[in-house]
Amino acid sequence: MKTQIIVLSAVALGALAPAASAQQGTVNGAAGGAVTGAIIGGPAGAAVGGVAGAAVGTAIDPPPERVVTYVEQAPAPASPVVVKEKIVVGKPLPSSIVLTPVPDSPKYAYAVVNKQRIIVDPRTRTVVQVVR
């Protein structure tokens, strides 16, 4: 009975998650992880799955469309930046790469690296999205 209540609560949380747009990725990840964990491991699995899902949801939360559009249309730097490291979402950019702030969006900056436009969290230098 308790497991059913936990599962139903997690499903309800997942249905309401879009209303919390600021933390949508985290909430959706937590709800999905909790439901999966509850099905597999009961109440303890729901707790572990919720924490793991929240971490994954936070890592892949995409930037707003206006930020992506700005980065797509921004002029490329005069001298190309090339690095040997592979650019991976969720990993930080090397400190040698200069970041350009996105106007009116202090949570985002960008760089053009290896002919790819990269959206970054300027506080942590973590790659948020590689614009295709």
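Look above for the structure.
Residues numbered from 1 in each chain as written. Predicted model: local features only at pLDDT ≥ 70, side-chain atom pairs only at ≥ 80, totals over all residues. Heavy atoms only, no water.

*Asks:* Just to check I follow, could you spell out the packing of aromatic side chains for this structure?
*Replies:* What characterises a pair of aromatic rings is the spacing of the ring centres plus the angle enclosed by the ring planes. Tallying each qualifying case throughout the model produces one aromatic pair. Centre to centre, the rings of Tyr 70 and Tyr 110 are 6.1 Å apart; their planes meet at 75°, and the pair counts as edge-to-face. Of this pair, Tyr 70 sits in helix 3 (residues 65-73) while Tyr 110 sits in strand 2 (residues 105-113), and the two are 40 residues apart along the sequence. (Phe/Tyr/Trp six-rings, centres within 6.5 Å; stacked < 30°, edge-to-face > 60°. Helix = DSSP H or I, 4+ residues; strand = E, 2+ residues; numbered from the N terminus.)

*Asks:* Looking at this model, I keep getting lost on the environment of Val 68. Mind explaining?
*Replies:* Relative to the elements of secondary structure, Val 68 occurs in helix 3. Taking the C-alpha atoms as reference points, Val 68 and Val 102, separated by 34 residues in sequence, lie 9.7 Å from one another. Residues in contact with Val 68, not counting those within four places in the same chain, are Pro 63, Ile 119, Gln 129 and Val 131. (Contact = heavy atoms within 4.5 Å.)

*Asks:* Can you help me understand helix 3 in this one?
*Replies:* Residues that lie three or four places apart on an α-helix share one face, since the helix turns once every 3.6 residues. Regarding helix 3, the residues found buried are Val 67, Val 68 and Val 71. Viewed along the axis of helix 3, the buried residues span an arc of 100°, placing them on a single side of the element. Exposed residues pointing more than 90 degrees away from the buried face of helix 3 are listed as Glu 65, Arg 66 and Gln 73. As for helix 3, its buried residues are in contact with strand 1 (100-102), strand 2, strand 3 (116-121) and strand 4 (126-131). (Buried < 20%, exposed > 50% of the residue type's maximum accessible area, 1.4 Å probe, protein only. Arc of directions from axis to C-beta.)

*Asks:* Please explain the sheet that holds strand 3 as it appears in this structure.
*Replies:* Within a sheet, adjacent strands bond to each other through the backbone by hydrogen bonds, running parallel or antiparallel. In space, the four strands of this open sheet follow the order 1-2-3-4, with antiparallel pairing throughout. Of all strands in the sheet, those with a lone pairing partner are strand 1 and strand 4, marking the two edges. If you compare each strand with its neighbour and ignore which way they point, the axes differ by 35° on average. In the sheet, strand 2 pairs with strand 3 via five bridges, with the strands oriented antiparallel. Its bridge partner being in strand 3, Ala 109 is matched across the sheet by Val 120. (Pairing = 2+ DSSP bridges. Axes fitted to C-alpha atoms, helices over the stretch in contact; angles between N-to-C directions.)

*Asks:* Even after reading the chapter, I still don't get the pattern of salt bridges, so can you show me in this structure?
*Replies:* Opposite charge on two side chains permits pairing when their charged atoms draw close. Summed over all chains, the structure comprises one salt bridge. Ionic pairing is found between Asp 121 and Arg 123, a salt bridge with its closest N-O pair at 3.1 Å. Relative accessible area serves as the criterion here: at 14%, Asp 121 is assigned to the buried category. (Salt bridge = Lys/Arg side-chain N within 4 Å of Asp/Glu carboxyl O.)

*Asks:* Sorry, what's going on with the nonpolar core here?
*Replies:* Soluble, globular proteins show a tendency: their nonpolar side chains are buried together. Ranked by size, the top nonpolar core spans 12 residues in total: Val 83, Ile 87, Leu 93, Ile 97, Leu 99, Ala 109, Ala 111, Val 113, Ile 118, Val 120, Val 127 and Val 130. Of all the secondary-structure elements, those providing two or more residues to this core are strand 2, strand 3 and strand 4. With three residues, the single largest contributor to this core is strand 2. Discounting chain neighbours no more than four positions away, the residues touching Val 113 are Val 81, Val 83, Ile 87, Ile 97 and Ile 118. (Core = buried A, V, L, I, M, F, W, Y, C linked by side-chain atoms within 4.5 Å.)

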